[in-house]
Amino acid sequence: MTASAAAMVVLVSACGGTGGGSASAPKNFDYLSVTENTTVKTALTTLSKGECKSADDALPLKVETVPQASLDQKLQLLAGQNALPVQFAAGNAPALTQKLAKAGQVADLEKQLRALGVYDQLEPAAVSTIKALYGGKLEVLPYEYNIEGIFYNKKIFTANGLTVPGTWDELVDAAAKLEAKGIQPFSASGQQGWPITRLISGYLYRSLGPDALQKVADGTAKLTDPEYVKAAQQVADLGKKGYFGKGVGSIDYDTSLNQFLTGKAGMLYMGSWALANIADAKQDTLGADNIGFMPFPAVAGGKGSIDQYPSNVGLGITLGAKTFDKKTGAWVSCIAKNYGSTALKDQGSISGFKVNTEVQDKNKVTTQVRDTISSSQQNVLWFEALFGTKATTVSQTNAAGLVSGSLSPEKFMQTVQDALSAT
């Protein structure tokens, strides 16, 4: 039995559907985050010294971080011990958070926010996205609200006579021209995996329409169906042609961002959370004015539309049911009223909380993304959004093999489908 499986056994037996034992009142506003995401930690720290100082005086903010790859196992172990922190990054797949909620471990956030009188501080689009992910319930808070697309280097595009691709074929053609000039077309993290699988779902949504992966979740389609394998083949072909550069499987998230922000790659598929990195002059030596944002391109004859943006709330943050008391409520109320403005002002980060004070965007690309979010009429999810924990892990750990050539598109999709079928 693996450590993860053992942790889940502990979780199930400890919770038993009854919510387990009771917890004493918290002494700190404990927040378990992931090492890779510093945006939320930074914004909460700022609030603890400013608008939320009184809440922090009563219940001091205390942050712990773990690598994102270890998050699910950590949450399962803590839940089995009835020791979940006051606030914590939700699991890598919504399925884990839903399991914790059914076991009575996660606070009913809609109920709590309405009781605090701050439910209206959430952007409706963010609430809609959360409920689409979590079975119609508000189980996480939108510390981030992101759309996804392709950031591109304007300088490189202009110097090489490239226009923004409107179709997949045009995107591949642009990548070929960059490669021929000795410029790495795409930067991506094969180590994390999801920046690659997001390309598969992008192609699926454009070719088969916005319900492509819902059909897989419903069992009316399989990832092994020819039209689904084709999407994996298209992404594998990018890797075969060298468009992700050398050693993509060993490239971590920070390195992939650095490659793009220092001008070493022409394009980067990423979510709008990267605006915080773009706004940081120490990271972005390219300069924000030299970065543009485009939607995932259309697929010729496809059923999807380029104005259907993948959207998410980042790594959602939730709160423990057993530690949600008056002091916790004071923190949450303050966060709801102030987080949106603080994150946008200090880090250029867009959240699902309303911005209650006038904040000037850090740069033009932030304005472009905010305008895109406000005008977007229909959103879609991402490749693993409707997968369970096991299938999510299988998908992301095998993505590098798909683009490095060690795993065929057929085998990749079969492996993920087998993991889906086993849950």
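Scroll up for the structure.
A few points about the state of the cysteines
Here is step 1: Within this structure, the stated rule accounts for one disulfide.
Here is step 2: Across the disulfide, Cys52 is cross-linked to Cys334 (sulfur-sulfur distance 2.0 Å). In this structure, the disulfide formed by Cys52 and Cys334 twists by about -100° around the S-S bond and is classed as left-handed. With Cys52 in the loop between helix 2 (39–49) and helix 3 (53–58) and Cys334 in helix 15 (residues 326–347), this residue pair connects regions lying 282 residues apart in the sequence. The pair Cys52 / Cys334 is uniform in exposure class, with both members buried.

Some points on the pattern of salt bridges
Here is step 1: Scanning the model with the defined rule gives eight salt bridges in all.
Here is step 2: Of the charged contacts in the structure, one is a salt bridge between Glu110 and Arg114, with a shortest N-O distance of 3.1 Å. Here Arg114 and Glu110 lie together in helix 6 (residues 109–116), a separation of four residues that amounts to about one turn.
Here is step 3: Residue class for Arg114 comes out partly exposed when judged on its relative accessible area of 49%.
Here is step 4: The partner of Asp211 in a salt bridge is Lys215, and the shortest N-O contact between them spans 3.9 Å.
Here is step 5: Classification of Lys215 by relative accessible area gives partly exposed; the value is 34%.

Side note on the environment of Gly304
Here is step 1: Here Gly304 lies in the loop between strand 7 (291–294) and strand 8 (308–312).
Here is step 2: Residue class for Gly304 comes out buried when judged on its relative accessible area of 19%.
Here is step 3: On a C-alpha basis, the gap between Gly304 and Lys337 in space is 36 Å, while along the polypeptide they are 33 residues apart.
Here is step 4: Excluding its chain neighbours within four sequence positions, the residues that come into contact with Gly304 are Tyr205, Arg206 and Gly209.

A word on the sheet that holds strand 1 (residues 29–34)
Here is step 1: Taken in spatial order, the four strands make up an open sheet running 2-1-3-9, and their pairing is mixed. The sheet is open, and its two borders are formed by strand 2 (61–66) and strand 9 (317–319), each paired with just one other strand. Going from strand to strand, the sheet's axes swing by 20° on average, the running direction of each strand aside.
Here is step 2: Sheet strands in contact with helix 15 are strand 1, strand 2, strand 3 (87–89) and strand 9, and its direction is about 55° off that of strand 1.

So, the packing of helix 12 (residues 226–240) against helix 18 (residues 409–421)
Here is step 1: Packing of helix 12 against helix 18 brings their axes to within 8 Å, and their N-to-C directions diverge by 125°. Our classification of the angle between helix 12 and helix 18 gives oblique. As helix 12 runs across helix 18, the sense of the crossing is right-handed. Residues Tyr228, Val229, Ala232, Gln233 and Ala236 of helix 12 pack against Pro409, Glu410 and Met413 of helix 18.
Here is step 2: Residue composition of the contact of helix 12 with helix 18, by class: six nonpolar, one polar and one charged.

Observations concerning helix 18
Here is step 1: Compared with the 18 Å implied by 1.5 Å per residue over 13 residues, the 18 Å span of helix 18 between its first and last C-alpha is a close match.
Here is step 2: For helix 18, the full list of buried residues reads Pro409, Phe412, Met413, Val416, Gln417, Ala419 and Leu420. Summarising the axial view, the buried residues of helix 18 lie within an arc of 160°, below the 170-degree limit, and thus occupy one face.
Here is step 3: Residues of helix 18 that are buried in the fold lie against helix 10 (194–208), helix 11 (212–218), helix 12 and helix 17 (389–404).

A short note on the packing of aromatic side chains
Here is step 1: For the structure on display, the rule yields 14 aromatic pairs.
Here is step 2: For the ring pair Phe29 and Trp331, a centre distance of 4.6 Å and an interplane angle of 5° mean the geometry is stacked. Note that Phe29 is positioned in strand 1 and Trp331 in helix 15, a separation of 302 residues in sequence.
Here is step 3: Assessed through its relative accessible area of 0%, Phe29 is described here as buried.
Here is step 4: Both rings, one in Phe293 and one in Tyr309, keep their centres 6.4 Å apart while their planes meet at 20°; by these two values the pair is stacked. With Phe293 in strand 7 and Tyr309 in strand 8, this residue pair connects regions lying 16 residues apart in the sequence. A single burial state applies to Phe293 and to Tyr309, both of which are buried.
Here is step 5: Put simply, the rings of Trp168, Tyr203, Tyr269 and Phe296 touch in pairs and so form one group of aromatic residues.
Here is step 6: The ring centre of Tyr119 lies 3.8 Å from the NZ or CZ of Arg114, which sits over that ring.

Side note on the nonpolar core
Here is step 1: Counting 135 residues, the largest nonpolar core has Phe151, Ile200, Leu223 and Tyr339 as the members making the most contacts within it.
Here is step 2: Broken down by element, this core gets its largest block of residues, eight residues, from helix 15.

Side note on the side chain of Arg198
Here is step 1: With respect to the secondary-structure elements, Arg198 resides in helix 10.
Here is step 2: Not counting residues within four places of it along the chain, the set of residues in contact with Arg198 comprises Glu148, Tyr269, Trp273, Asn312, Trp382 and Glu384.

Focus: the packing of helix 10 against helix 12
For any two helices packed against each other, one specifies the crossing angle of their axes together with the interaxial distance.
Here is step 1: Two numbers describe how helix 10 lies on helix 12: the axes approach to 9 Å, and their chain directions differ by 130°. If you check the angle between helix 10 and helix 12, you find them oblique. With respect to the hand of their crossing, helix 10 and helix 12 are arranged in right-handed fashion. Facing Ile196, Leu199, Ile200, Tyr203, Leu204 and Leu208 of helix 10, the residues of helix 12 in contact are Glu227, Tyr228, Lys230, Ala231, Ala232, Gln234 and Val235.
Here is step 2: A per-class count over the contact of helix 10 with helix 12 returns ten nonpolar, one polar and two charged.

Here is what the cut-offs are and how they apply
Numbering of residues starts from 1 in each chain and follows the order in which that chain's sequence is written. Since the coordinates come from a predicted model, pLDDT governs what is reported: local features require at least 70, and pairs of side-chain atoms require 80 or more to be given and counted, while whole-chain, interface and lining totals use all residues. The basis for every side-chain value is the complete set of non-hydrogen atoms in the structure, without hydrogens or water. Here, the term disulfide refers to a pair of cysteine sulfur atoms separated by no more than 2.5 Å. Secondary structure elements follow DSSP: runs of H or I of four or more residues count as helices, runs of E of two or more count as strands, with numbering from the N terminus. Only protein chains enter the accessibility calculation, which uses a 1.4 Å probe; a residue whose area is less than 20% of its type maximum is buried, one above 50% is exposed, and one in between is partly exposed. By definition, a salt bridge exists where a carboxyl oxygen of Asp or Glu is found within 4 Å of a side-chain nitrogen of Lys or Arg. Should any heavy atoms of two residues lie within 4.5 Å, those residues are considered in contact. Two strands form a pair only when DSSP identifies at least two bridges running between them. Structural elements are reduced to axes, namely lines fitted to C-alpha atoms, with helices fitted over the stretch in contact, and the angle between N-to-C directions of any two is expressed from 0 to 180 degrees. Throughout this description, any angle smaller than 35 degrees is read as roughly parallel, any larger than 145 degrees as roughly antiparallel, any in the 65 to 115 degree range as roughly perpendicular, and the remainder as oblique. Note on convention: near helix rotated counterclockwise from far helix by under a right angle means a left-handed crossing. Clockwise means right-handed. When residues are grouped by polarity, Ala, Val, Leu, Ile, Met, Phe, Trp, Tyr, Cys and Pro land in nonpolar, Asp, Glu, Lys and Arg in charged, and all others, Gly among them, in polar. For a helix, the expected span equals 1.5 Å multiplied by the number of residues minus one. The arc in question is the one spanned by the directions pointing from the helix axis to the C-beta atoms. Each pair of aromatic rings taken from Phe, Tyr and Trp, with Trp reduced to its six-membered ring, is defined by centres within 6.5 Å and is described as stacked if the planes are under 30 degrees apart, edge-to-face if over 60, and tilted in the remaining cases. Here, a charge over a ring means that NZ of Lys or CZ of Arg falls within 6 Å of the ring centre while also lying within 35 degrees of the ring normal. Residue types Ala, Val, Leu, Ile, Met, Phe, Trp, Tyr and Cys, when buried and joined through side-chain atoms within 4.5 Å, form a set referred to as a nonpolar core.

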